Amino acid sequence: MNKPNFRLRLNLFDGIVLALALAAAAFLLWRTAKQDAPIQADPAATSTVRYTVRFQRWLPGTSSVVQPDDQIADNIKNYEVGKVVSVETVPSRVQVVDEEERRWVWTELEGMEDVLVTIETPCTVTNAAITVGGGYEIRVGTSGYFRGEGYMGSGPIVAVEEVRG
């Protein structure tokens, strides 16, 4: 019986494709067999933070709805962001253009007041941020939208301090 002899004939293109396929298979085998190095998480410490939010442009007298011990939540993503510690009203200020001096100046806004709400809550402190409520990042200067029982307010975070002891 005549058995045909198997003979592999490769041209240059076939050889390159075969070499690339073998290299990819070897790489994938190496990656799956290699043990992953343990990932080091950011060192995080738990603490308590007290921060102040400036609720802007409220009608005079309406700040009485904000009371100490009210629970405050983020109005966008529903994060619990703490408990009200203190409430203070101050005149509402806005920046306007002084056209004579050609510069921006602060002036009081008639018929409005700002409410400084100080909130205290447990937090996680990392090198990157202070996080409260499981994901809400606290930074001075960032604006937020908050709600309490029967009211909502928006404005910038004006102060952040870590509570010791």
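This section reports on the structure supplied with the text. Per chain, residues are indexed from 1 in the order of the written sequence. Where totals are concerned, whole chains, interfaces and linings use all residues; where local detail is concerned, this predicted model gives features only for residues with pLDDT of at least 70, and gives and counts side-chain atom pairs only at 80 or more. Think of the side-chain values as coming from all heavy atoms in the structure, minus any hydrogens and water.

**What about the environment of Gln 67?**
Then comes step 1: With respect to the element layout, Gln 67 can be found in the loop between strand E1 (45-58) and strand E2 (71-74).
Then comes step 2: In sequence terms Gln 67 and Gly 148 are 81 residues apart; their C-alpha atoms lie 9.4 Å from each other.
Then comes step 3: Each polar contact in these results corresponds to two N or O atoms within 3.5 Å; when the atoms are within protein, one needs to be able to donate a hydrogen and the other to accept it, and residues that are neighboring in sequence are counted only if both atoms are side-chain atoms. At a separation of 2.5 Å, a polar atom in the side chain of Gln 67 contacts the main-chain carbonyl oxygen of Ser 64. Comment: elements are numbered from the N terminus, with helices defined as DSSP H or I runs of at least four residues and strands as E runs of at least two.

**As for the environment of Asp 98**
Then comes step 1: You can see Asp 98 is positioned in strand E3 (residues 80-98).
Then comes step 2: The contact criterion used throughout is that any non-hydrogen atoms of two residues lie within 4.5 Å. Those residues in contact with Asp 98 that lie beyond four places of it in its chain are Arg 103 and Val 105.

**Observations regarding the pattern of salt bridges**
Then comes step 1: The rule for a salt bridge is simple: a side-chain nitrogen of Lys or Arg has to be within 4 Å of a carboxyl oxygen of Asp or Glu. As enumerated under the stated definition, the model contains four salt bridges in all.
Then comes step 2: The salt bridge partner of Glu 120 is Arg 50, with a shortest N-O separation of 2.2 Å. Placement of Glu 120 in strand E4 (residues 103-125) and of Arg 50 in strand E1 is noted, with a sequence separation of 70 residues between them.
Then comes step 3: Only protein chains enter the calculation, and the probe is 1.4 Å; a residue is then buried if its accessible area is under 20% of its type maximum, exposed if over 50%, and partly exposed in between. Relative accessible area serves as the criterion here: at 28%, Arg 50 is assigned to the partly exposed category.
Then comes step 4: Across the pair Arg 54 and Asp 114 runs a salt bridge, and its minimum N-O distance is 2.7 Å.

**Side note on the pairing of E4**
Then comes step 1: Pairing between E1 and E4: twelve bridges, direction antiparallel. Across the sheet, Ala 45 pairs through a bridge with Val 125, a residue of E4.
Then comes step 2: Pairing of E3 with E4, which is carried by 14 bridges, proceeds in the antiparallel orientation. Within E4, the residue paired with Thr 89 across the bridge is Val 115.
Then comes step 3: Any two strands are treated as partners once DSSP identifies two or more bridges connecting them. Where E3 hands over to E4, the hairpin turn is made up of four residues, of which Arg 102 adopts a positive phi near 55°.
Then comes step 4: Pairing geometry for E4 and strand E5 (residues 130-132), over three bridges, is antiparallel. Bridge assignment links Thr 124 to a residue of E5, and that residue is Thr 131.
Then comes step 5: Where E4 hands over to E5, the hairpin turn is made up of four residues, counted between the paired strands.

**Regarding the nonpolar core**
Then comes step 1: Residues belong to a common nonpolar core when they are buried Ala, Val, Leu, Ile, Met, Phe, Trp, Tyr or Cys residues joined through side-chain atoms within 4.5 Å. Tyr 51 and Phe 55 are the most contacted members of the largest nonpolar core, which totals 19 residues.
Then comes step 2: The biggest single contributor to this core is E1, with five residues.
Then comes step 3: Look past the residues within four positions of Tyr 51 in its chain and what remains in contact with it is Val 81, Val 117, Thr 118, Ile 119, Thr 121, Ile 138, Ile 157, Ala 159 and Val 160.

**Concerning the packing of aromatic side chains**
Then comes step 1: For Phe, Tyr and Trp, where Trp contributes only its six-membered ring, two rings pair if their centres lie within 6.5 Å, and the inter-plane angle classes them as stacked under 30 degrees, edge-to-face over 60, or tilted in between. Counted under the stated rule, the structure contains six aromatic pairs.
Then comes step 2: Aromatic side chains Trp 58 and Tyr 151 sit 6.4 Å apart centroid to centroid with 65° between the ring planes, which places their arrangement in the edge-to-face category. Of this pair, Trp 58 sits in strand E1 while Tyr 151 sits in strand E8 (residues 151-163), placing them 93 residues apart in sequence. No difference in accessibility class separates Trp 58 from Tyr 151, as the two residues are buried.
Then comes step 3: For the pair Tyr 136 and Phe 146, a centre-to-centre distance of 5.9 Å together with 65° between the ring planes defines the contact as edge-to-face. Residue Tyr 136 is located in strand E6 (residues 136-138), and its partner Phe 146 is located in strand E7 (residues 143-148); the two are separated by ten residues in the primary sequence. Note on accessibility: Tyr 136 and Phe 146 belong to one class, buried.

**A short note on unusual backbone geometry**
Then comes step 1: Even without a glycine there, the phi angle at Asp 69 is positive, about 80°.
Then comes step 2: Mapped onto the elements of the fold, Asp 69 is located in the loop between E1 and E2.
Then comes step 3: Residue Asn 78 is not a glycine yet carries a positive backbone phi of 70°.
Then comes step 4: By the secondary structure assignment, Asn 78 is in the loop between E2 and E3.

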